[in-house]
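Fold and contact review
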Amino acid sequence: MFLKSQHLLFGTPLAILLGSSLALVEPAQAHHSVTIDGTNYWCAGETHDPDKNNECDLSVKRLTNVPEDLFRGLSNLQTILLNSNSLSSLPKDLFKGLSNLQTIRLNSNSLSSLPEDLFRGLSNLQAIYLHNNSLSSVPEDLFKGLSNLRTVTLQVNGLSKISENLFSSLANLQNVYLHNNNLSRVPEDLFSGLTKLQGVYLYGNSLSCRPILPSGASFINQSGQTDTGTLNLPVCIEVTLEFSSLTIDESGSSNAATVTAMLSRSSSQATTLTVSVNPEAPATPNDFTLSNNTLTIGAGATTSTGNVTITAVDNEVDAPDKMFTITAAASGGNGVGNPADVT
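First, a word on what this report is: a plain description of the structure on this page. (Residues numbered from 1 in each chain as written. Predicted model: local features only at pLDDT ≥ 70, side-chain atom pairs only at ≥ 80, totals over all residues. Heavy atoms only, no water.)

**Considerations on a negative patch on the surface**
Where like charges cluster on the molecular surface, the negative patch consists of E116, E140, E164 and D189. Residue classification places E140 among the partly exposed residues on the basis of a relative accessible area of 36%. (Patch = residues over 30% accessible without salt bridge, like charges linked within 9 Å, V, L, I, M, F, W, Y side chains within 5 Å. Areas by Shrake-Rupley, 256 points an atom, 1.4 Å probe, with all protein chains shown as cover. Salt bridge = Lys/Arg side-chain N within 4 Å of Asp/Glu carboxyl O. Lys, Arg positive; Asp, Glu negative; His and termini not counted. Charge placed at Lys NZ, Arg CZ, Asp CG, Glu CD. Buried < 20%, exposed > 50% of the residue type's maximum accessible area, 1.4 Å probe, protein only.)

**Focus: the sheet that holds strand β11 (residues 175–177)**
Taking strand neighbours across the sheet as the criterion, the 8 strands line up as β6-β7-β8-β9-β10-β11-β12-β13 in an open arrangement whose pairing is parallel. A single partner strand is all that each edge strand has here, and the edge strands are β6 (55–57) and β13 (218–219). As defined by bridge partners, strand β7 (residues 79–81) adjoins strand β8 (residues 103–105) across 3 bridges and the pair is classed as parallel. Directly across from I80, in β8, lies its bridge partner I104. (Pairing = 2+ DSSP bridges. Helix = DSSP H or I, 4+ residues; strand = E, 2+ residues; numbered from the N terminus.)

**Remarks on the packing of aromatic side chains**
Under the criterion given, the structure shown has 7 aromatic pairs. A ring pair is formed by F71 and F95, whose centres lie 6.2 Å apart and whose planes are at 15 degrees; its orientation type is stacked. Taken together, the positions of F71 in the loop between β6 and β7 and F95 in the loop between β7 and β8 put the pair 24 residues apart, joining distant regions of the chain. Its relative accessible area of 2% is what places F71 among the buried residues. Using a relative accessible area of 1% as the deciding quantity, one classes F95 as buried. Ring geometry for F143 versus F167: centroids 6.1 Å apart, planes at 10 degrees, classification stacked. Note that F143 is positioned in the loop between β9 (127–129) and β10 (151–153) and F167 in the loop between β10 and β11, a separation of 24 residues in sequence. (Phe/Tyr/Trp six-rings, centres within 6.5 Å; stacked < 30°, edge-to-face > 60°.)

**Brief notes about the environment of G145**
Structurally, G145 can be placed in the loop between β9 and β10. Residue G145 is classed as partly exposed on the basis of its relative accessible area, which comes to 43%. Taking the C-alpha atoms as reference, G145 lies 8.9 Å from F119; in sequence the two are 26 residues apart. Beyond its immediate chain neighbours, meaning those up to four positions away, G145 contacts S123 and S169. (Contact = heavy atoms within 4.5 Å.)

**A look at the sheet that holds strand β19 (residues 308–312)**
Read across the open sheet, the 4 strands follow the order β14-β15-β19-β17; overall the sheet is antiparallel. Both outer strands of the open sheet, β14 (239–243) and β17 (288–290), are each paired with one neighbouring strand and no more. Strand-to-strand twist in this sheet, taken as the mean axis angle between neighbours without regard to direction, amounts to 25 degrees. Bridge count for β14 against strand β15 (residues 256–263) is 5 bridges, and the pairing is antiparallel. Opposite L241, over in β15, you have A261 as the bridge partner. (Axes fitted to C-alpha atoms, helices over the stretch in contact; angles between N-to-C directions.)

**Looking at the pattern of salt bridges**
Evaluated as defined, the whole model comprises 4 salt bridges. A salt bridge links R185 to E238; the shortest N-O distance between them is 3.7 Å. Taken as a pair, R185 in the loop between β11 and β12 (199–201) and E238 in the loop between α1 (228–231) and β14 lie far apart in primary sequence, 53 residues in all. Since its relative accessible area comes to 27%, E238 is described here as partly exposed. Its salt-bridge partner being E188, residue R265 comes within 3.0 Å of it at the nearest N-O pair. Here E188 lies in the loop between β11 and β12 and R265 lies in the loop between β15 and β16 (271–280), a separation of 77 residues in the sequence. On the basis of relative accessible area, E188 is assigned to the buried category, the value being 4%.

Shown next as structure tokens:
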């Protein structure tokens, strides 16, 4: 026989008298209210039930913005669902202090950019879902320090470029979803050192070359099988422009610099680089001369033959230092892309 209280307060422990013992039974879960634009939403935060995740589900709420302090005080949250809203941007400290987070869903919004520090300090994070947004690029350090991250989804975003170091600190990364974007090439060493990587999804892009995968990883297609289309592409080869000097004088012995080029690995085809120099105001094309504009790297070689010489012209006009941007367009090389511009 037992007696129990007749009046319960939500979130208050329930007292049960059983025999001569008094036991306290904690509620399965306490709830917290978060406020967005004057509207309150229930958000499960702290829990005394170890079998339940601390989850805050704000998906499909037609949200257009969220305040920076939205999750303030909910330090035990493990899962945040903000997917399927109309968010176009996020405050940089939105997830600050949520060191127990394991999953963040931001997919199916209208995000066009992300703060570089958005996920900083979330060392227990295991999955980030960012697919179905409008991200043409993401910051190089976006995932820095997320050593437990296992899954990243970035498909269907319109991505046109990816930094070589985007995933470099993700020692436990297993699956990367980059399919159905606007990528024409990716850095050859994008996945270098990721020994636990299993699946890379790159189908549905317009790739001319592919990255190198670590042992044990595979390119996967939409059917979950080996993506032979990506696998059969040549490996991407990077080009670097090198200069004898980045500063030249209008007169004297230091009035010229030579430009050469180097490949990260040899190509089976010869590569031609067409070099151009673009002055930045107040500089003009009359401030320099170009000896020629072509560099050639032979098949099987990694360095260019000959060089391009840029010579400053002493026009006897006293002016501040002038800046020039040197670019080069690559052609012919199998898997060779254009080098980065140099100023």
